[in-house]
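# Fold and geometry: a report
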Amino acid sequence: MAQARRKERIDRGIKVRSDSIYALSSWEEIAYLLGPRALLIGGFLLLPVVLLPSPYWSRVALSVCVVALLAVSFDFLANFVGLVSLGGAFFYGIGGYMAAVASTELGLPPVVAIPAGTVLGAAVCTLLLVPCLPLRGIYFAIITLMYPLFMTRLIEATEILGGTEGFRGITGFSSRWTEQYGLIVVTLAGVFALRRFLAEDAGLVIRAVKDNDQAVRASGINVTWTKAKAVFVAALFGCFAGAYYVHMYRNVGISSFALDLSIMPIAATVIGGSGTLVGPLIGALLLVPLSELLRDFGSLRIVVYALVLTGFVVLQSEGLMNFATRKYQQFERWVRV
Amino acid sequence: MNARGERPILEIQGLSKQFGGVKAVEDVTFQVAPGDVFGIIGPNGSGKTTLINCITGFLKPTRGSVRFNGREITGMKPHRIADLGVTRTFQIMRPYFSMPAYKNLVIPLSSPRAKRVGGWRGGGRHGDRNTVAVDILEELGFERDSRVPYKIAGTLPTGYLKRLELGRCIALRPEVLICDEVFSGLSASEIASLVPLIEKLRDQGITIIMIEHRLRELFRVANRVMALSYGEKVVEGEPLEVIDHPKVREAYLGSEEGFTC
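Predicted model only: the values in this text are computed from it and were never measured.

## Quick notes on the environment of Asp 211 of chain A
- For Asp 211 of chain A, the position within the fold is in helix 8 (residues 201-211).
- Here Asp 211 of chain A falls in the partly exposed class, since its relative accessible area comes to 32%.
- With 150 residues separating them along the chain, Asp 211 of chain A and Ala 61 of chain A place their C-alpha atoms 36 Å apart.
- Setting aside its immediate chain neighbours within four residues, Asp 211 of chain A contacts Tyr 96, Phe 97, Ser 98 and Met 99 of chain B.
- Here the side chain of Asp 211 of chain A touches Phe 97 of chain B through a polar contact of 3.2 Å, landing on its backbone nitrogen.

Laid out in structure tokens, this is it:
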């Protein structure tokens with residue numbers, strides 16, 4: 001009979017040491033801590049330089065950032081607040097339209113119109129989502145899925161916000177470098193800022209709502225208000241993506257509410273690793289270029305895409321980031337039971 | 001005013017709660033004086049927890065009123081009531097399972113009430129709340145220098161979880177602390193170590209309401225006891241009067257048989 005064995009996982013010594021103050025005791029340990037972060041940040045910052053010869057792939061790199069922002073927004077709401085949002089497209093579209101109005105109607109330059117579109121858009125999204133925040137369960141998912149559809153039809157039917165034509169003639173960026181680095185830097189800063197925020201006490205309260213909202217209520221904290229703040233933060237990410245993108249393409253239309261923009265980020269989160277915030281970034285980095293490459297397959301694109309996703313869900317359901325973190329921090333060995 | 005001429009801190013007047021046709025609590029009236037340890041006893045299903053849920057806002061009473069320090073709090077949201085200083089533990093313990101024990105207390109310490117009346121040193125900075133949280137846990141019997149306060153709450157044994165529930169309330173510096181069966185599921189020695197804790201909280205000026213099945217232990221700390229049966233108040237008074245009351249014996253034992261106390 002085969003000897004019964006099980007896999008044992010043990011933290012690497014360097015991981016244990018660098019958890020505490022000793023992290024600063026040697027270059028090796030500092031490098032261990034900073035290495036992965038530096039790789040990610042450096043890699044993203046190099047993208048515009050590496051992709052300089054190809055304007056097409058430069059644009060794809062920016063699409064990566066847009067999907068990453070939406071994916072981080074999804075990951076944050078789903079795994080830290082406990083709200084499953086299917087409304088990436090809603091955040092994106094509202095942010096895009098707000099920025100477009102700020103640019104075309106008020107004549108604001110991008111440096112003002114984008115932040116204005118982001119903040120106002122996030123405020124509008126939050127206000128519209130507040131009614132379903134006291135409810136638990138799938139209501140939030142349903143409402144967030146419905147809103148983009150609602151917005152599309154509303155704009156079509158009433159001809160508001162430029163109707164089916166949308167807005168054109170939005171002021172673009174002054175240079176390609178500004179355009180590229182503006183988005184990449186904000187994306188990276190946003191992700192790391194969100195991670196820091198979640199480690200603070202205010203972030204802890206948000207995570208507590210996911211763990212156990214009754215106990216948060218019993219602690220004299222308004223759960224609905226806390227959720228509203230979290231939704232605002234998540235909407236900031238989505239709205240920024242939309243506001244930035246309309247300035248890149250200098251127009252906006254009802255395609256900004258396309259369902260793809262809700263689905264793609266979720267796929268990126270699943271591949272990258274749920275609950276890590278950085279994982280979605282990596283997921284987007286793989287998924288968006290893959291999706292571009294698959295354009296050659298024509299209508300089979302979605303089939304291949306779906307196969308890749310299914311493969312990931314079945315074979316690597318924890319996501320790349322969780323897998324990589326485990327490998328980086330622990331070693332495994334077989335032991336006899 | 002009650003018999004001792006004190007203004008009650010909590011007045012419950014004609015409180016009823018119906019779930020469809022089921023009368024869970026029926027016309028219950030009682031008062032709790034400041035500094036009391038007020039016990040509520042009754043067999044399973046007699047409406048004790050429903051009563052607490054109505055007082056703390058987790059359920060809206062069908063009829064009746066709840067007053068706290070003379071102020072009407074009936075039907076207020078739970079977080080508003082907790083914010084006023086009426087806190088409760090849950091019978092089914094509800095720690096934040098994925099967080100370390102001390103982080104469980106950082107959440108109530110971040111609440112508006114803790115910031116306002118807490119008087120914990122250093123209300124604002126991140127590091128300070130952690131220290132205060134460990135201080136509170138130490139008071140509750142978590143050995144400071146052991147690893148216990150830093151363990152993930154989900155891995156703690158029941159005794160510590162009960163203390164954590166109490167800690168979550170104490171962090172709010174409450175005026176009224178309502179304990180829903182803190183002794184249940186604990187061994188005799190664990191209860192013996194909790195009783196002095198309850199006494200200490202009472203001596204700090206916190207009014208305590210205890211729902212309890214463990215009558216012997218309850219009667220060591222309670223100075224007034226109310227018995228419920230089928231949602232109705234049967235009797236209220238000194239612990240010994242209550243326990244000798246025929247209706248209480250009947251409710252618990254269904255007969256005139258001896259009562260273990």
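## Considering the pattern of salt bridges
- In the structure shown here, the tally under the stated rule is 21 salt bridges over all chains.
- For Arg 80 of chain B, the salt bridge identified is with Asp 83 of chain B, shortest N-O distance 3.9 Å. Here Arg 80 of chain B pairs with Asp 83 of chain B, and both are found in helix 2 (residues 78-84), just 3 residues apart, close to one helical turn.
- Judged by its relative accessible area of 11%, Asp 83 of chain B falls in the buried class.
- One salt-bridge network, held together by shared partners, links Lys 7, Arg 9, Glu 318, Arg 326, Lys 327 and Glu 332 of chain A.

## Considerations on the side chain of Arg 163 of chain B
Residue and element names in this part refer to chain B.
- Along the chain, the position of Arg 163 falls in helix 6 (residues 158-170).
- It is Glu 190 that comes nearest to the buried, bridge-free Arg 163 among opposite-charge side chains, at 6.6 Å.
- Not counting residues within four places of it along the chain, the set of residues in contact with Arg 163 comprises Leu 140, Gly 141, Phe 142, Glu 190, Ser 193 and Leu 194.

## Some remarks on helix 2 (residues 27-50) of chain A
All names here are of chain A.
- The first and last C-alpha atoms of helix 2 sit only 29 Å apart over 24 residues, clearly below the 34 Å expected at 1.5 Å per residue.
- Residue Leu 34 marks the point of greatest curvature in helix 2, where the axis turns by about 45°; the proline Pro 36 follows within four residues.
- All of the buried residues along helix 2 are Glu 29, Tyr 32, Leu 40, Phe 44, Leu 47 and Pro 48.
- Contacts made by the buried residues of helix 2 are with helix 1 (13-18), helix 3 (55-81), helix 7 (176-199), helix 12 (279-293) and helix 14 (320-329).

Analysis parameters
Residues numbered from 1 in each chain as written. Chains lettered and ligands numbered in written order. Predicted model: local features only at pLDDT ≥ 70, side-chain atom pairs only at ≥ 80, totals over all residues. Heavy atoms only, no water. Helix = DSSP H or I, 4+ residues; strand = E, 2+ residues; numbered from the N terminus. Buried < 20%, exposed > 50% of the residue type's maximum accessible area, 1.4 Å probe, protein only. Contact = heavy atoms within 4.5 Å. Polar contact = N/O pair within 3.5 Å; in protein donor to acceptor, adjacent residues only side chain to side chain. Salt bridge = Lys/Arg side-chain N within 4 Å of Asp/Glu carboxyl O. Lys, Arg positive; Asp, Glu negative; His and termini not counted. Expected span 1.5 Å × (residues − 1). Bend = angle between axes of the 7 residues up to and from the residue.

Bear in mind that shape data such as this cannot, by itself, settle questions of function.
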